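Take a look at the letters that make up each chain.
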Amino acid sequence: QVQLVESGGGVVQPGGSLRLTCTTSGFAFNNYWMYWFRQAPGKELEWVSGINLSHDKREYTDSVKGRFTISRDGIKNTLTLEMNNLHSEDTAVYYCAKCTRLVRTCGSETTRSLYDWGQGTQVTVSA
């Protein structure tokens, strides 16, 4: 019954910005750590960012630090990824993911079964 639906993907030029939104339902949003992953063509699934329940802890992979910002809205039950100064290397399908551990963190693990997943949204950064 868990449902995660990403939106906001598209095509942008290098240096541009994009805002991804994950709309959730079917679970107690405020009791779970939430994450963004991405997968580029020919590459393995990559952990991008995570956020805790109370919004005071945010984690990022090194390649996006200073450019991406993760946030959550406990009223609307949405997860957001604000992406700025995008590079061609950011091109990937971006996935919203919910840690299946109640209240607890999933860290930066990439084990598929540890999360519930959205369908993904394509982000293409190209001139």
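Residues numbered from 1 in each chain as written. Predicted model: local features only at pLDDT ≥ 70, side-chain atom pairs only at ≥ 80, totals over all residues. Heavy atoms only, no water.

A. Local environment of the state of the cysteines. Under the criterion given, the structure shown has two disulfides. Note on cysteine connectivity: Cys22 is disulfide-linked to Cys96, with sulfurs 2.1 Å apart. An S-S torsion of about -70° defines the bridge between Cys22 and Cys96 as left-handed. With Cys22 in strand β3 (residues 18–25) and Cys96 in strand β9 (residues 92–99), this residue pair connects regions lying 74 residues apart in the sequence. Pair check on accessibility: Cys22 and Cys96 agree, each one buried. For Cys99, the disulfide goes to Cys106, at an S-S distance of 1.9 Å. Across the disulfide from Cys99 to Cys106, rotation about the S-S bond amounts to roughly 75°, and the bridge is consequently right-handed. For the chain, the disulfide bridges join cysteines in the arrangement 1-2, 3-4, where the cysteines are counted in sequence order. (Disulfide = S-S within 2.5 Å. Helix = DSSP H or I, 4+ residues; strand = E, 2+ residues; numbered from the N terminus. Buried < 20%, exposed > 50% of the residue type's maximum accessible area, 1.4 Å probe, protein only.)

B. Quick look at the side chain of Thr91. Note that Thr91 resides in the loop between β8 (78–83) and β9. For Thr91, the side chain forms a polar contact with the main-chain oxygen of Ser88, separated by 3.0 Å. Excluding residues within four positions of it along the chain, Thr91 makes contact with Ala40, Pro41, Gln122, Val123, Thr124 and Val125. (Polar contact = N/O pair within 3.5 Å; in protein donor to acceptor, adjacent residues only side chain to side chain. Contact = heavy atoms within 4.5 Å.)

C. Main features of the packing of aromatic side chains. The tally for this structure, following the rule as stated, stands at nine aromatic pairs. Ring centres of Phe27 and Phe29 lie 6.2 Å apart, and the angle between their planes is 45°; this geometry places the pair in the tilted category. Residue classification places Phe27 among the buried positions, given a relative accessible area of 14%. Judged by its relative accessible area of 2%, Phe29 is buried. Members of the aromatic cluster, each reached through a chain of ring pairs, are Trp33, Tyr35, Phe37, Tyr95, Tyr115 and Trp117. Against the face of Phe29 rests Arg72, its NZ or CZ located 4.3 Å from the ring centre. Of note, Lys98 hangs over the ring of Phe27, and the distance from its end group to the ring centre comes to 5.5 Å. (Phe/Tyr/Trp six-rings, centres within 6.5 Å; stacked < 30°, edge-to-face > 60°. Lys NZ or Arg CZ within 6 Å of the ring centre and 35° of its normal.)

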